[in-house]
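# What the coordinates show
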Number of protein chains: 2
Amino acid sequence: MHYARTVVDVGDGPQPRLLASADPSSGWVDVRTAERLRLVRLGATHQAAARVAAAVVPGSLSEALSVGPLFQEACAAAVSAGDAPVAASTPLVNALDPAGYRDFMTFERHFSFGYRWQGKPVPEVMYELPVSYCGNPLAFIGPDDEVPWPHYSEHLDYELELGIVIGRPGTNLTPDEALQHVAGLTILNDVSARDIQAREMTGGLGPSKGKHFACAVGPWVTSLDELDLEAGLVMQTRVNGETWNRSTTADMIWSIAELVAWTSQAEELVPGMLLGSGTCNEGCTLEIGKRLAPGDLVELEIEGLGVLRNRYGHPSGTGWTPAPRAPAIG
Amino acid sequence: MHYARTVVDVGDGPQPRLLASADPSSGWVDVRTAERLRLVRLGATHQAAARVAAAVVPGSLSEALSVGPLFQEACAAAVSAGDAPVAASTPLVNALDPAGYRDFMTFERHFSFGYRWQGKPVPEVMYELPVSYCGNPLAFIGPDDEVPWPHYSEHLDYELELGIVIGRPGTNLTPDEALQHVAGLTILNDVSARDIQAREMTGGLGPSKGKHFACAVGPWVTSLDELDLEAGLVMQTRVNGETWNRSTTADMIWSIAELVAWTSQAEELVPGMLLGSGTCNEGCTLEIGKRLAPGDLVELEIEGLGVLRNRYGHPSGTGWTPAPRAPAIG
C-alpha cells in the first residue's frame, strides 16, 4: 500500500485528504470518498456514511494511523473498489504530519565525515547505541513545496534520509517485534542551515535553529510489504538534474527494527511518529564538497519510495537576532 | 487567569476538561460547562450550546489556545459567572499537552557547572545566542503523577525550570512584540537520566533517551498579568520535605521575550508550544552533589505558579538494549 495526501477547498478553508494506491504510477484514490461510498453500499444513509468515513479517514495521516485496522481496511477496500479516483494532475502535499520526529545517525561514512568536519574523533557511543535527537514536527513541507531560506543563514544544505513511519503504539519492543509497528517508509530531506548549525552545536545540545525551520517528506509513504529491504534500497540525489550521490540503505549500521525498538524503550510509540535514518553516505553537499545556491532544484530518490522534489527559495530579508551577553563567570 | 485540567469519564473513556480560576486557592470552574450555560442564557438550545462550547473549549489546552480570543473570553466569563465550580477535591492532571517543546539554557551558574561536569570550557555560543534543543512533547505527566524510572538508567534527576507557554502564532518577532504571544508560565520538571544522558551527549546531538521518557508540567498555567516578572520569581526545590535550592528567574541571561523572539525566527509559533528556561541555578541534584532515590518526593515551587509535586517511581524490570557495532572506519 502507498499513502499520500492532497488538499481541497470546498469553501471551509484548505482540507487535507488522504489518498491510497497499489501503484502510484497508475493513480490514487480518495480514501474517505471511497469509504463513504462503501458504507452506503452496506446500507448506511448518505449523511451517516459521510460522518463515519470522516472519523475513520481523517485528513491527518498520524490521526488516521491512530484509528488502527479500521483505517487500513478502508484503504484496502478503496484501492480494491477503485471508485474514487483522483485526477492524474492532482498535486500531492506532505504525506505525513508527524506526531513526533526523531533523527538518528546510522551511516558510518557520513557520520565519520561529520565528526571530522567538527574537528573531533568519532565518539565511541556511535557504535554502542543508535544516537538520535528530537526534531521539530511542526515545520514539515511536502513534494514541490519551496524550501524556505531563513534570514539568519547563508548556507543551506539538503540531507537525504530514509524516513520510518510508526504505525501503532508499543513500548519496550525487541527488534523482532518492531517491524509490526511500522506503517511504512518515505523519503526525508532534513534541511540544514550549516552556518548556524555549526555555531549552535558547539553548545552540545544538538542542532536547533539550524534544522527546525523546515523538513521535507514524501512524496508518499510505502508499506514494508512493497519493499525488498534485505537487498537495500538505492538512495540518490540530483541537483538541477545532475546526480550527486548513489548510496544504499544497506549501509545503515543499525537496522530499521533496531531504531524502532530503541525508540520504544521506556517510551510509548505514537502512530505517525517519524524516525529518520540520518543522512546517507555522501547524502549532503557538505560531505561531497559542493554547495547549494538559492533557486536550486533538489531531487531525492529512494528505490520504491518515489522522488521528493523541492526547489530551494531565496533568503528572506529581515528578522531579529540576539545581542551577545558578557559572561559573569570566568 | 490560571488554566488547569482534570479528567472525567462519563462512559466514553477518560476525557480531559479545562479549568480556569482567578485564584487557585479558592477553587476552579469547568470552562466548557460554564460556556454551555452562558450560551443557553444567550438563547441557544441546550444541544447547540453543548456543541459550540465543546468546539470553543476542547479538552486540550494547546487546541483551546489555538481558538484565540473566543477561548480567552469563555475563560473570563466562566470565572466571572462562577456557576460551574468543580469540587475542591478534584485532582488536577497535566495542565498542558504541548504542541511542541523547546528547552534552552539560560542560567549561567547552572550551565557553567554543566560544562565543567562534561570536562569542557563554556562554549562562546552560550553568550552569543539562546541555545536550545527540541524535547519530546509526547511524554508529559502532570501534578502527582509518578515519574517513570526507565530500565536503562540507575541515575534519575529532576531539573527545576520555568515553562513558557505560547498563546498565539507569530514569526520573526522582536522581543518587544514577543510577550503578546505568551499565554502564561508554568513549572517544568525536565526529568533526566544522567547515566545514559552523559553517554549520548558525547555524540554531540544533545540529550535523547536521557530525557524523552518523561517531563512533568503544572500544576497550572498562570497568565503574565498575574505575575511580577521584573522582580523575578523565586524558584525552590524540596525533596522529601527538605529545601535543596532557592533561585530566581531574575538570573536568566536571556529574557522570556528574547527566548520567544529567537524561537520565532524563520518558524511559526504554534499555540501550546512550551519553551523551557533550562535548569535554574542549583536546580538539579547533579549541581548540588546530591542524588535522588526511587520513591523520593520532589516538590518544585515557583512564586505565583504553585507547587509541582511528583514522586519518583522504581526502575521497571526489563527492556531491550542494543548490541555494540564494530567500527569499519578507523
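Owing to the predicted nature of the structure, the values given are computational and were not obtained by experimental measurement. (Residues numbered from 1 in each chain as written. Chains lettered and ligands numbered in written order. Predicted model: local features only at pLDDT ≥ 70, side-chain atom pairs only at ≥ 80, totals over all residues. Heavy atoms only, no water.)

## Re the sheet that holds strand E17 (residues 306-315) of chain B
Adjacent strands of a sheet pair through backbone hydrogen bonds, lying either parallel or antiparallel. Residues and elements named next belong to chain B. Taken together, five strands build an open sheet; the order of strands is E7-E17-E16-E13-E14 and the sheet is mixed. Every other strand in the sheet has two partners, leaving strand E7 (147-149) and strand E14 (242-248) as the edge strands with one partner each. Looking at each pair of strands side by side, their axes are set apart by 20° on average, direction ignored. Where strand E13 (residues 234-239) meets strand E16 (residues 297-302), five bridges bridge the pair, whose relative direction is antiparallel. Counted as the bridge partner of Arg 238 is Glu 299 from E16. (Pairing = 2+ DSSP bridges. Helix = DSSP H or I, 4+ residues; strand = E, 2+ residues; numbered from the N terminus. Axes fitted to C-alpha atoms, helices over the stretch in contact; angles between N-to-C directions.)

## Here's the deal with the confidence of the model for chain A
Here chain A shows a mean pLDDT of 96. Residues at 70 or above account for 100%. Per the prediction output, this complex has pTM 0.97; the corresponding ipTM is 0.96. (pLDDT = per-residue confidence, 0-100.)

## Focus: the interface of chain A and chain B
Each side of the interface is counted separately: chain A has 67 residues, and chain B has 67 residues. Both sides together, the interface formed by chain A and chain B hides about 5,600 Å², and carbon and sulfur atoms give 63% of it. Contact with chain B buries surface across chain A, with Leu 205, Trp 320 and Arg 325 of chain A losing the most and accounting together for 16% of the total. Inspection of the region where chain A meets chain B yields six salt bridges. The residue Glu 128 of chain B makes a salt bridge to Arg 199 of chain A at a minimum N-O spacing of 3.1 Å. Seen at the junction of chain A and chain B, the total is 28 residue pairs in polar contact (both at pLDDT 80 or more). Of all elements in the fold, only strand E4 (100-104), helix H5 (108-117), helix H6 (125-128), strand E5 (132-134), helix H8 (194-201) and helix H9 (256-264) of chain A reach the threshold of two or more residues within the side of chain A that touches chain B. (Contact = heavy atoms within 4.5 Å. Buried area = accessible area lost by both parts, 1.4 Å probe. Salt bridge = Lys/Arg side-chain N within 4 Å of Asp/Glu carboxyl O. Polar contact = N/O pair within 3.5 Å; in protein donor to acceptor, adjacent residues only side chain to side chain.)

## Remarks on the side chain of Asp 103 of chain A
Residues and elements named next belong to chain A. By secondary structure assignment, the location of Asp 103 is in strand E4. Separated by 3.4 Å, the side chains of Asp 103 and Tyr 101 make a polar contact. For Asp 103, the contacting residues outside a window of four places in its chain are Val 131, Ser 132, Tyr 133, Glu 161, Leu 188, Asp 190, Gly 276, Ser 277 and Gly 278.

## Topic: the pairing of strand E15 (residues 273-276) of chain A
The side chains of a regular strand alternate, residue by residue, between the two faces of the sheet. Residues and elements named next belong to chain A. What you see with E15 is no split at all: Met 273 and Leu 275 on one side and Leu 274 and Gly 276 on the other are buried throughout. Two strands pair when backbone bridges link them, and E4 and E15 are joined in this way by four bridges, in the parallel orientation. By the bridge assignment, Tyr 101 is partnered in E15 with Leu 274. Pairing analysis gives three bridges linking strand E9 (residues 160-166) to E15, with the strands arranged antiparallel. Directly across from Gly 163, in E15, lies its bridge partner Gly 276. (Buried < 20%, exposed > 50% of the residue type's maximum accessible area, 1.4 Å probe, protein only.)

## Some details on the sheet that holds strand E7 (residues 147-149) of chain A
Residue and element names in this part refer to chain A. Here we have five strands laid out as an open sheet, ordered E7-E17-E16-E13-E14, and mixed in their pairing. Across the chains shown, the open sheet's two edge strands, defined by having one partner strand only, are E7 and strand E14 (242-248). On average, each strand axis in the sheet is inclined to that of its neighbour by 20°, with strand direction left out of account. Bridge count between strand E16 (residues 297-302) and strand E17 (residues 306-315): six bridges; the pairing is antiparallel. Counted as the bridge partner of Val 298 is Asn 310 from E17.

## Thoughts on the pairing of E13 of chain B
Residue and element names in this part refer to chain B. Burial analysis of E13 places five of its six residues in the buried class, the great majority of the element. Sheet analysis places E13 next to E14, joined by six bridges and oriented antiparallel. Along E14, the bridge assignment pairs Thr 237 with Asn 245. If you look at the hairpin formed by E13 and E14, you'll find two residues sitting between the two strands, and Asn 240 has a positive phi there, around 50°.

## Examining the packing of helix H1 (residues 31-41) of chain B against helix H4 (residues 69-81) of chain B
All names here are of chain B. The N-to-C vectors of H1 and H4 enclose an angle of 85°; their axes lie 9 Å apart at closest approach. When the interaxial angle is binned, H1 and H4 end up roughly perpendicular. Contacts between H1 and H4 involve Val 31, Ala 34, Glu 35, Arg 38 and Arg 41 on the former and, on the latter, Ala 74, Cys 75, Ala 77, Ala 78 and Ala 81. (Parallel < 35°, antiparallel > 145°, perpendicular 65-115°, else oblique.)

## Things to note about the relation of the copies chain A and chain B
Structural alignment of chain A on chain B gives an RMSD of 0.0 Å, achieved by rotating through 180° and translating 0.0 Å along the axis. When the rotation and shift are considered jointly, the pair of chain copies conforms to a two-fold rotation axis. Residues of chain A ranked by C-alpha distance from the rotation axis are headed by Gly 206 of chain A, positioned 2.2 Å from it. (Least-squares fit on C-alpha atoms with pLDDT ≥ 70 in both.)

## Examining the packing of aromatic side chains
Under the defined criterion, the tally for this structure stands at 10 aromatic pairs over all chains. Between Trp 28 of chain A and Trp 220 of chain A, the ring centres sit 5.8 Å apart and the planes meet at 55°, which makes this aromatic pair tilted. With Trp 28 of chain A in the loop between strand E2 (15-21) and strand E3 (29-30) and Trp 220 of chain A in strand E12 (residues 215-222), this pair connects stretches of sequence that are 192 residues apart. Note on accessibility: Trp 28 of chain A and Trp 220 of chain A belong to one class, buried. Judged by centre distance (5.6 Å) and plane angle (50°), the ring pair of Trp 262 of chain A and Tyr 152 of chain B falls under tilted. On the criterion of chain membership, the pair formed by Trp 262 of chain A in helix H9 and Tyr 152 of chain B in the loop between E7 and strand E8 (156-157) is interchain, its members lying in two chains. Comparing Trp 262 of chain A with Tyr 152 of chain B shows no difference in burial state: the two are buried. Here Lys 290 of chain A stacks its cationic end above the ring of Trp 244 of chain A, 4.9 Å away from the centre of that ring. (Phe/Tyr/Trp six-rings, centres within 6.5 Å; stacked < 30°, edge-to-face > 60°. Lys NZ or Arg CZ within 6 Å of the ring centre and 35° of its normal.)

## A word on the nonpolar core
In this structure, Phe 71, Leu 185 and Val 260 of chain A together with Phe 71, Leu 185 and Val 260 of chain B are the most contacted members of the largest nonpolar core, which totals 178 residues. The residues touching Leu 185 of chain A, leaving out its near neighbours within four places in the chain, are Leu 162, Gly 163, Ile 164, Trp 220, Val 221, Thr 222, Leu 224, Leu 227, Leu 229, Leu 233, Ile 256 and Leu 305 of chain A. (Core = buried A, V, L, I, M, F, W, Y, C linked by side-chain atoms within 4.5 Å.)

## Concerning the side chain of Glu 299 of chain B
Residues and elements named next belong to chain B. As for its position among the elements, Glu 299 is in strand E16. Within the structure, Glu 299 has its side chain in polar contact with the side chain of Arg 309 (distance 2.7 Å). Setting aside chain neighbours within four positions, we find Glu 299 in contact with Gln 236, Thr 237, Arg 238, Gly 241, Val 307, Leu 308 and Arg 309.

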